[in-house]
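# Descriptive structure summary
Read off the chains here:
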Amino acid sequence: MSLDRNTMESSLATTLRTNFKKGVDEEWDEERAADEMAKAIADVVHAYVSGARVTGVQSQVRDNGNVPIGTATQTGEVGLS
C-alpha cells in the first residue's frame, strides 16, 4: 500500500467491517473485541507506513565541535521500517 490516505481508509474500513462481523458471529467479549480492533488498526497502519518510499534525503556531517564538514544527498530509494 503506497502512502495514499484513501487507500489506507478503504483498507481499514474493510478490515474493521470483517472484524465487526466476526465479533458478532463469534460473540467476542469486550476484551477480545478491543484487542482485535487494535490489531486490525496496527496492521493497516504498519502496511501503510511500510509501503512508503523515500528519496532525496539530505544529511550533514559534523565534527566533534559541531562544525559542518560535509554533506550528502541520498540518490536511491529506500523503504521505511
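Up top is the structure.
Summary of the structure given here. Numbering of residues starts from 1 in each chain and follows the order in which that chain's sequence is written. Reporting of local features is limited, given that this is a predicted model, to residues whose pLDDT is at least 70; pairs of side-chain atoms are given and counted only at 80 or more, and all residues count toward the totals for whole chains, interfaces and linings. With hydrogens and water excluded, all non-hydrogen atoms of the structure serve as input to the side-chain values.

What follows concerns the pattern of salt bridges. The working definition used for a salt bridge is a side-chain nitrogen of Lys or Arg within 4 Å of a carboxyl oxygen of Asp or Glu. By the definition in use, this model includes six salt bridges. Between Lys39 and Asp43 there is a salt bridge, and its shortest N-O distance comes to 2.8 Å. With Lys39 and Asp43 both in helix H2 (residues 30-50) and four residues apart, this pair spans about one turn of that helix. Of the charged contacts in the structure, one is a salt bridge between Arg53 and Glu77, with a shortest N-O distance of 3.9 Å. Here the residue Arg53 occupies a position in strand E1 (residues 53-54), and Glu77 occupies one in the loop between strand E3 (68-73) and strand E4 (78-79), the gap between them amounting to 24 residues. Whether a residue is buried, partly exposed or exposed follows from its accessible area with a 1.4 Å probe, protein chains only, as a fraction of its type maximum: under 20%, in between, or over 50%, in that order. By relative accessible area, which is 54% here, Glu77 ends up exposed. For helices the rule is a DSSP run of H or I covering at least 4 residues; for strands it is a run of E covering at least 2, with both sets numbered from the N terminus onward.

Bringing a nonpolar patch on the surface into the picture now. Together, Phe20, Met37, Ile41, Val45, Val49 and Leu80 make up an exposed nonpolar region whose accessible area comes to about 460 Å². In terms of residue count, H2 provides more of the nonpolar patch than any other element does, four residues in total. As for its placement among the helices and strands, Leu80 is situated in the segment after E4. With relative accessibility at 39%, the residue Leu80 sits in the partly exposed group. Each patch is assembled from residues with relative accessible area greater than 30% and no salt bridge, linking like charges that lie within 9 Å and nonpolar side chains (Val, Leu, Ile, Met, Phe, Trp, Tyr) that lie within 5 Å. Each accessible area value is a Shrake-Rupley result obtained with a 1.4 Å probe; residue values ignore everything except the protein chains displayed when judging cover.

Right, let's talk about the pairing of E3 for a bit. Note on pairing: two strands pair once DSSP finds at least 2 bridges between them. Pairing analysis gives five bridges linking strand E2 (residues 58-62) to E3, with the strands arranged antiparallel. Across the sheet, residue Gln60 finds its bridge partner in E3, namely Thr71. Linking E2 to E3, which pair antiparallel, is a turn of five residues; within it Asn66 sits at a positive phi near 70°.

The length a helix should cover is 1.5 Å for every residue beyond the first. Here H2 is 21 residues long and its end C-alpha atoms lie 30 Å apart, about the 30 Å a rise of 1.5 Å per residue gives. Turning to H2, its buried residues number three or more, namely Ala40, Val44 and Tyr48. One face of H2 carries all of its buried residues, which in axial projection span an arc of 65°. The outward face of H2, more than 90 degrees from its buried face, is lined by the exposed residues Glu31, Asp35 and His46. Any two residues whose heavy atoms approach within 4.5 Å are treated as being in contact. Lining the buried residues of H2 we find helix H1 (5-25). Its side-chain oxygen placed 3.2 Å from the backbone nitrogen of Glu31, Asp29 serves as the N-cap of H2. Directions from the helix axis toward the C-beta atoms define the arc. Polar contact is the term for a pair of N or O atoms within 3.5 Å; when the atoms are in protein, one must be able to donate a hydrogen and the other to accept it, and sequence-neighboring residues count only if both atoms are side-chain atoms.

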